[in-house]
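The chain contents come next:
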Amino acid sequence: MITIPLIKPYITSEVKRKVCEVLDSGYLTEGPVTHEFEGQFRAYIGCKHAIAVTSCTTGLELALRAVGIGSGDEVIIPDFTYPATADAAGIVGAKIVIVDVTKDTMLIDYAGLQKAITKKTKAIIPVALFGNPLDYRFLNYIKQKYKVKIIEDAACAIGAEYNGVKVGNLVDISVFSLHPRKFITTGEGGIITTNSPWVANWINRYKHFGMELSTARERASFVSLGTNCKLSDVLSAIGVVQMRHIEELITERRQLAMNYTGLLAGVKNITLPRVTRMGVHSFQSFCVFVDKPCDVIKKMRMRGIEVQIGTYALHMHKAFKRTTSCAIIGRMRASTYAYRHCLVLPLYHGMKIDDQKKVVRCLERDIEGGEND
Ligand SMILES: Cc1ncc(COP(=O)(O)O)c(C=O)c1O
């Protein structure tokens, strides 16, 4: 039986009350509660627009469509990420161009990224993986120099900062996930942030069937094709309550991460990834590098502790083999290393220091092939 899970969603009696309020109201689609959630997100990030959608994956797709990316365009993506990052580019018809990551941060390799730029490159989707912020100074230099759009996959990065500015306010468009592995979670969902009113209007209209929103309350006017990826008020109710507690949640995560760092200091055969310079990590996930993480996962599970691999190396998957619509630039050594060695440790609201000590004690034994307790 799992006694120390990887994550625990923040579901309190306050959350349940708010969800029941929405259910009792009878208004279940996107409405005032989703708009309140968007407002909280906007205020927290400090950006001009926050748009709730059904997932981060959909959000990335909408972001690409909003800036006109499609067939004939190339979009650069890091190899070590959840496939959704690349799916979004492929789905809009663009060519997926995969580059390696940097070994110690697992973030996109900036030199490799620059080398992969061609005349057809229209966008880059770097990933602030696990909540480690990117090098936004470099990304904005690339944006200016090559006239490309930077659409950040910030699925894991709510609360992360760079040079005193919150992630979500640093590139053209950022997209966050509200999946249950993220600590602000509505079950499923995503949020797009941008400072461009044009992009925000486009996405808002597109996600409402192409409807001119100013006419929604009178006779609706549909001015373009669109889709439906609205986030329901029922789900947003969970997010609204979590956002009220975001400062305490993020402070706690950073404290838990510091505890792990202290406990792991001096433990043999474990190294920690590097945090981006001038960045503040949100510790969506706390990762370590170990040998044979799959063996460790099995052994730790037997001890009731849930640990998990980091994420995926896209080039190892059939969907992302080299074709005319997918290029893999380089040998993906660092991404392969990350895939083979990265392990995510349990981290959740309310985690006790004794549980963290137990995780580290078991990890220490299991990486050395030690005996069961
Ligand atoms: C880096 C990254 N991008 C995209 C996604 C997809 O997010 P969603 O499930 O909200 O579509 C995830 C999900 O875990 C992720 O980790």
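What counts, and at which threshold
Residues numbered from 1 in each chain as written. Predicted model: local features only at pLDDT ≥ 70, side-chain atom pairs only at ≥ 80, totals over all residues. Heavy atoms only, no water. Helix = DSSP H or I, 4+ residues; strand = E, 2+ residues; numbered from the N terminus. Buried < 20%, exposed > 50% of the residue type's maximum accessible area, 1.4 Å probe, protein only. Phe/Tyr/Trp six-rings, centres within 6.5 Å; stacked < 30°, edge-to-face > 60°. Pairing = 2+ DSSP bridges. Axes fitted to C-alpha atoms, helices over the stretch in contact; angles between N-to-C directions. Parallel < 35°, antiparallel > 145°, perpendicular 65-115°, else oblique. Left-handed = near helix turned anticlockwise from the far one by under 90°. Contact = heavy atoms within 4.5 Å. Nonpolar A, V, L, I, M, F, W, Y, C, P; charged D, E, K, R; others polar.

Caption draft 1: Representation of unusual backbone geometry within the structure. Although it is not a glycine, F209 sits at a positive phi angle of roughly 65 degrees. Structurally, F209 can be placed in the loop between helix 7 (197–207) and helix 8 (233–244). In this structure F209 comes out as partly exposed when scored by relative accessible area, which is 38%. Here F283, not a glycine, exhibits a phi torsion of approximately 50 degrees, which is positive. Among the secondary structure elements, F283 is positioned in the loop between strand 10 (279–280) and strand 11 (286–289).

Caption draft 2: Expanded view of the packing of aromatic side chains. Applying the stated criterion across every chain yields a total of 10 aromatic pairs. Pairing Y136 with Y162 gives two aromatic rings, centres 5.3 Å apart and planes at 65 degrees, and the pair type is edge-to-face. Placement of the pair is Y136 in helix 6 (residues 136–146) and Y162 in strand 6 (residues 161–162), with a sequence separation of 26 residues. Each member of the pair, Y136 as well as Y162, carries the same accessibility label: buried.

Caption draft 3: Highlighting the pairing of strand 11. Residues of strand 11 alternate between two faces, with F286 and V288 on one and C287 and F289 on the opposite face, all of them buried. Alignment of strand 11 against strand 14 (residues 342–345), held across four bridges, turns out to be antiparallel. Residue V288 lies in a different strand from strand 14, and its bridge partner there is L343.

Caption draft 4: Spatial organisation of the packing of helix 3 (residues 56–66) against helix 7. The N-to-C vectors of helix 3 and helix 7 enclose an angle of 120 degrees; their axes lie 10 Å apart at closest approach. Here helix 3 is positioned oblique relative to helix 7, judged by the angle of their axes. You can see that helix 3 and helix 7 cross each other, and the crossing is right-handed. Where helix 3 approaches helix 7, its residues L62, A63, R65 and A66 are matched on the opposing element by W198, V199, W202, I203, Y206 and K207. Its residues assigned to classes, the contact of helix 3 with helix 7 shows eight nonpolar, no polar and two charged.

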